[in-house]
Amino acid sequence: MTSVFIISAPSGSGKSTLVDKVRPEVPGLDFSVSYTTRPPRGSEQDGQEYFFVSRPQFEEMVRQDQFLEHADVFRNYYGTARRFLLQAEDHGKDLLLDIDVQGAEQIMRKIPRAVGVFILPPDRNTLERRLRSRSQDSEEVIQLRLATATREIENYSKYDYILVNDRLEESTEALKAILLAERLKRSGAQPLSADDNAMVAMAELHRLNNMRARIEPILGSFRTGGA
Ligand code: ADP
Ligand code: 5GP
């Protein structure tokens, strides 16, 4: 059965960077390319990062019930087309969704077996630095993203796993371990090799209940607006 992995994060946490690193290393994983009404940024190409559509086109797709979920994020519409899940099921692949917390809630309701991974920055100042270093947004948009992050982060407990994206190499290994460990669990394979056991142990470290102490100071930095 197709596993559905939801990856959410406040904008600028490093989600795209992490997903781009992990995707080539995990075979059998389809990636859902979302539809959006926001204009392309930088070198983004239609059909690669997103399908770029107009508001009337998006609204027509909503009317035709073509979306598994959709949401208004930063004043634009974003949506996951149903056909990506159907294709993954047809091809016996797992599906990775990179979506915001509103979309994640909709998917978790519709597909209770979906596995949620929430990526957090180490603290608010680091997030602000990453947003600035990406040099893609105006000051107004950076402030909007920081304010939205503060709200989004409060939703962390709806996710199965929490990943604090501090050192990129470690975060990449951890995300890979979560995806592979979940897949292994669903396959029911027994007994596990020593490598598989190590991977499952690494994934477990990132379970919500094992991360609560690590999350508290991060939440604190957002509530007080500092590091
Ligand atoms: P998101 O997809 O969550 O909006 P990006 O992947 O675009 O975020 O990352 C935001 C910025 O932070 C980029 O400039 C990226 O290179 C940088 N970045 C991502 N992960 C790390 C990390 N672990 N350490 C330092 N910089 C990072
Ligand atoms: P960006 O415009 O920076 O690429 O993405 C902004 C936000 O929209 C990110 O949090 C991203 O995860 C989210 N997003 C991207 N695609 C979708 C989608 O199909 N559905 C929902 N709900 N959010 C999405």
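Our structure is the block above this text.
Here's what I pulled together on the structure shown here. (Residues numbered from 1 in each chain as written. Chains lettered and ligands numbered in written order. Predicted model: local features only at pLDDT ≥ 70, side-chain atom pairs only at ≥ 80, totals over all residues. Heavy atoms only, no water.)

1. Quick look at the sheet that holds strand S9 (residues 161–164)
The parallel open sheet is built from five strands, whose spatial order is S2-S7-S1-S8-S9. The sheet is open, and its two edges are formed by strand S2 (29–31) and S9, each paired on a single side. The mean inter-strand angle of the sheet, taken between neighbouring strand axes irrespective of direction, is 25 degrees. Looking at chain direction, strand S1 (residues 4–8) and strand S7 (residues 94–98) are connected through four bridges and run parallel. Note that in S7 the partner of Phe5 across the bridge is Leu96. Docked against the sheet, helix H7 (residues 168–187) engages S1, S2, S7, strand S8 (115–120) and S9, running at close to 165 degrees with respect to S9. (Pairing = 2+ DSSP bridges. Helix = DSSP H or I, 4+ residues; strand = E, 2+ residues; numbered from the N terminus. Axes fitted to C-alpha atoms, helices over the stretch in contact; angles between N-to-C directions. Contact = heavy atoms within 4.5 Å.)

2. A few points about the pattern of salt bridges
Counted under the stated rule, the structure contains 22 salt bridges. For the salt bridge of Glu139 with Arg132, the shortest nitrogen-to-oxygen distance reads 2.7 Å. Using a relative accessible area of 35% as the deciding quantity, one classes Arg132 as partly exposed. For the salt bridge of Arg207 with Glu182, the shortest nitrogen-to-oxygen distance reads 3.6 Å. (Salt bridge = Lys/Arg side-chain N within 4 Å of Asp/Glu carboxyl O. Buried < 20%, exposed > 50% of the residue type's maximum accessible area, 1.4 Å probe, protein only.)

3. Some details on the site of ligand 2
Lining the immediate surroundings of ligand 2 are 16 residues, of which Lys15, Ser34, Arg38, Tyr50 and Tyr78 lie closest. Contact between ligand 2 and Glu69: a nitrogen atom at 2.7 Å from a side-chain N or O atom of the residue. Contact distances for ligand 2 include 3.2 Å between an oxygen atom and a backbone N or O atom of Gly79. Put simply, ligand 2 lies in the largest pocket. Looking at the shell around ligand 2 residue by residue, the class counts come to five nonpolar, four polar and seven charged. (Near = heavy atom within 4 Å. Polar contact = N/O pair within 3.5 Å; in protein donor to acceptor, adjacent residues only side chain to side chain. 1 Å grid on protein atoms, 1.4 Å probe; cavity = no way out; pocket = protein on both sides within 12 Å on 5 of 7 lines; lining within 4 Å. Sits in = over half its atoms within 2 Å of the grid points. Nonpolar A, V, L, I, M, F, W, Y, C, P; charged D, E, K, R; others polar.)

4. Points about the packing of aromatic side chains
Per the stated rule, a full pass over the model turns up eight aromatic pairs. The side chain of Arg55 reaches across the aromatic face of Tyr77, ending 4.4 Å from its centre. (Phe/Tyr/Trp six-rings, centres within 6.5 Å; stacked < 30°, edge-to-face > 60°. Lys NZ or Arg CZ within 6 Å of the ring centre and 35° of its normal.)

5. Some thoughts on the packing of H7 against helix H8 (residues 194–205)
H8 packs onto H7 with a crossing angle of 110 degrees between their chain directions and a minimal axis gap of 8 Å. With respect to each other, H7 and H8 are oriented roughly perpendicular. Read as a crossing pair, H7 and H8 show a hand that is left-handed. Taken together, the residues of H8 that come into contact with H7 (itself represented by Glu173, Ala174, Ala177, Ile178, Leu180, Ala181 and Leu184) are Asp196, Met199, Val200, Met202 and Ala203. A breakdown of the residues in the contact of H7 with H8 according to their chemical character gives 10 nonpolar, no polar and two charged. (Parallel < 35°, antiparallel > 145°, perpendicular 65-115°, else oblique. Left-handed = near helix turned anticlockwise from the far one by under 90°.)

6. Some thoughts on the layout of surface pockets
There is about 1300 Å³ of room inside the largest pocket. Along its surface, the largest pocket is lined by 47 residues, and Ser16, Arg38, Arg41, Tyr50 and Arg134 are the ones closest to its centre. Those elements giving two or more residues to the lining of the largest pocket turn out to be helix H1 (15–22), strand S5 (67–73), strand S6 (76–81) and helix H6 (139–153). Tallied by class, residues from the lining of the largest pocket come to 14 nonpolar, 16 polar and 17 charged. For the second largest pocket, the calculated volume is near 170 Å³. In this structure, the second largest pocket is lined by Leu163, Val164, Asp166, Arg167, Glu170, Ser171, Glu173, Ala174, Met202, His206, Met211 and Arg214. Sorting the residues of the lining of the second largest pocket by element identifies S9, H7 and helix H9 (208–224) as the ones contributing at least two each. With four residues, H7 is the single largest residue contributor to the lining of the second largest pocket. Split into classes, the residues belonging to the lining of the second largest pocket amount to five nonpolar, two polar and five charged. (Points joined across faces, edges and corners; volume = space filled by probe spheres on them.)

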